Amino acid sequence: MEKTTQLSVMGGGLVGCLLSLYLAKQGYRVDVYERRPDLRRTDINAGKSINLALSDRGWRALETIGIAEDIKKVAIPMYRRVMHDKNGNLSFQPYGQENQAIYSVSRGGLNQALLDLAEAEPGISLHFQQQVLEVEVVTNKVTMLDAVSGQEHQIQPDVIFAADGAFSMVRLSLQKTDRFNYEQSYLDYGYKELTIPPAADGNWQLEKNALHIWPRGQYMMIALPNIDGSFTCTLFFPYAGEPSFKSLQTSAQLEAFFKEVFPDAAALMPDLAQEFFENPTGSLVTVKCFPWSHGGKILLLGDAAHAIVPFYGQGMNAGFEDCTVLRGLLEQHQDDWETIFQTFQQVRKANTDAIADLAVYNFIEMRDKVADPRFLLQKKIEAKITAQYPDAWLPLYSMVTFSPDLPYAEALANGKRQEEIMRELMVHIQTEEDYNKPAVQQYLQTQLA
Ligand SMILES: Cc1cc2nc3c(=O)[nH]c(=O)nc-3n(C[C@H](O)[C@H](O)[C@H](O)COP(=O)(O)OP(=O)(O)OC[C@H]3O[C@@H](n4cnc5c(N)ncnc54)[C@H](O)[C@@H]3O)c2cc1C
Ligand SMILES: NC(=O)C1=CN([C@@H]2O[C@H](COP(=O)(O)OP(=O)(O)OC[C@H]3O[C@@H](n4cnc5c(N)ncnc54)[C@H](OP(=O)(O)O)[C@@H]3O)[C@@H](O)[C@H]2O)C=CC1
Ligand SMILES: Nc1ccccc1C(=O)C[C@H](N)C(=O)O
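Residues numbered from 1 in each chain as written. Chains lettered and ligands numbered in written order. Predicted model: local features only at pLDDT ≥ 70, side-chain atom pairs only at ≥ 80, totals over all residues. Heavy atoms only, no water.

Colleague: Could you clarify how one ought to interpret empty space enclosed by the protein in this entry?
Modeller: Rolling a probe over the atoms, with the probe sized like a water molecule, indicates the empty space that remains. Counted according to the given criterion, the structure contains one cavity of 30 Å³ or more. In this model, the largest cavity occupies a volume close to 30 Å³. What lines the largest cavity is Val287, Lys288, Cys289, Trp292, Ala305, His306, Ile308, Lys349, Thr352, Asp353 and Ala356. Broken down by class, the residue content of the lining of the largest cavity amounts to six nonpolar, two polar and three charged. (1 Å grid on protein atoms, 1.4 Å probe; cavity = no way out; pocket = protein on both sides within 12 Å on 5 of 7 lines; lining within 4 Å. Points joined across faces, edges and corners; volume = space filled by probe spheres on them. Nonpolar A, V, L, I, M, F, W, Y, C, P; charged D, E, K, R; others polar.)

Colleague: Is there a simple way to think about the pairing of strand β2 (residues 29–33) in this case?
Modeller: Across a regular strand the side chains alternate sides, sitting on one face of the sheet and then on the other. Counting buried positions over the five residues of β2 gives four, a clear majority of the element. Examined bridge by bridge, strand β1 (residues 6–10) and β2 share five bridges and lie parallel to one another. Following the sheet pairing, Gln6 is matched in β2 by Arg29. Once you follow β1 into helix α1 (residues 14–25) and on to β2, the crossover reads as right-handed. In the sheet, β2 pairs with strand β8 (residues 124–127) via four bridges, with the strands oriented parallel. Each bridged residue has a counterpart across the sheet, and for Tyr33 the counterpart in β8 is His127. (Buried < 20%, exposed > 50% of the residue type's maximum accessible area, 1.4 Å probe, protein only. Helix = DSSP H or I, 4+ residues; strand = E, 2+ residues; numbered from the N terminus. Pairing = 2+ DSSP bridges. Right-handed = clockwise from strand over helix to strand, strands pointing away.)

Colleague: Please clarify how the sheet that holds β2 should be interpreted in this entry.
Modeller: Picture the strands of a sheet paired through backbone hydrogen bonds; they go either parallel or antiparallel. Within the open sheet, the six strands sit side by side as β8-β2-β1-β12-β19-β18. Their pairing is mixed. This sheet does not close on itself; its edge strands, each paired only once, are β8 and β18 (293–294). As paired elements, β18 and strand β19 (residues 298–300) share two bridges and run antiparallel to each other. In the strand pairing of β19, Ser293 is matched with Leu299. Sheet strands touched by α1: β1, β2, β8 and β12 (159–162). Its angle to β1, the strand with the most contacts, is close to 165°. (Contact = heavy atoms within 4.5 Å. Axes fitted to C-alpha atoms, helices over the stretch in contact; angles between N-to-C directions.)

This is the structure:
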């Protein structure tokens, strides 16, 4: 039965679209307001990040709206990290068990698929080029800017869902309310997207089914495959110092630098200088805030509630998981928005704080640790422990990435406990064979059996 409550979702990005589908399937009428033009009908980039790593939490959400199979057809499984050293030598680290992968998907493609589904849903109306300017939280009056006419107008939905991203305007309005906690922290690093085009025969110029990393201690470059045979590379680089975005000012400086530190990649980047100097430099921010709801009439979710740095490849996955949790609460509590929102934020906050912290940590792992042979040895030892004690040990990466039912906060807590055991164990281990040493086996037995 169609319900009369008027719901508005601010932001027609990844989370806003998915959420609107969940709401419509519960019988609500939903208006989605998106600041950008319809990306299916305009030649605009969906955003600065071209592709995204989709993993189990995200897949779970997509399965419930029946598009997981279609998306999988255009997603590229990445089974392992491939590390490139300064001489072009490669080393490898599998992400999980055989057949476990994270998937490279096009942000624009996924957003378009979700918009198509939303448009086909009778309960959903999509409004493009409508930008939220401000929300009057006492009355729920929203001031919108119509980008086509340049006119401001007001709407007054019963309930507002804010999925308007890391720089949410709805959140900005909530910041002015009493006892709203807010913190944001920027890294001293920015990111720049670059391209490795397909080979002349259309094929991928690096191993296709992998996420490539050029770890260089204080900075790094990564590359994820696209279905057209290209790779999107992202350079995570300091804003200032030596080397930095500031220190590389000319094409000659840039090319000399890339040839020295990323020689194998540089040889595959014909448009390096043009892209480097023309593409924007993105900033990297963590936003934590609370409460996420106001009077049972406004709810923040996705990046608007918890923007995290991209290094775990979990921001969208966490936003999709928000929708999964909210969907369960909608079924349980029907129109009782106050209860739904209170429960949602209580359940989610500790988990999104945990993935925010894990994401910052994963930068250090990716830019530095993966270049250390002892770190790679430790990962091999961990795989052996999992094989021997499958019920007592799962690597942290697998708990985050391949365990869609395990809350992030539990993954973090388990990971910390395992890290302590691992530290003690590695004192006795120099090679893979040392895993069978009696001291190692006895220690594991006391800790895990
Ligand atoms: C470089 C980079 C790489 C990333 N890689 C990954 C990855 O591999 N895996 C992963 O899971 N996550 C990744 N993320 C994170 C991911 O992009 C975000 O977590 C995800 O996009 C959040 O979705 P969202 O719908 O909440 O916000 P968004 O995708 O930002 O959508 C918000 C929407 O709201 C619209 N909007 C904004 N302001 C207004 C307004 N005032 N009025 C109306 N509409 C508005 C925007 O135009 C946009 O369409 C990455 C992020 C970055 C920056
Ligand atoms: N956690 C993080 O570090 C980051 C996360 N993201 C997330 O990635 C996704 C895609 O990003 P994308 O589509 O490229 O979005 P953009 O980075 O292009 O930004 C979208 C909106 O945020 C504004 N904005 C961008 N940077 C800043 C800033 N430093 N301070 C204040 N406002 C800013 C933009 O304003 P204007 O158009 O006027 O420039 C625009 O309104 C989104 O989910 C976003 O939430 C994006 C960047 C960083
Ligand atoms: N998508 C990303 C975007 C930026 C930085 C990292 C990622 C990752 O996915 C990293 C991957 N999870 C890893 O741990 O190797």
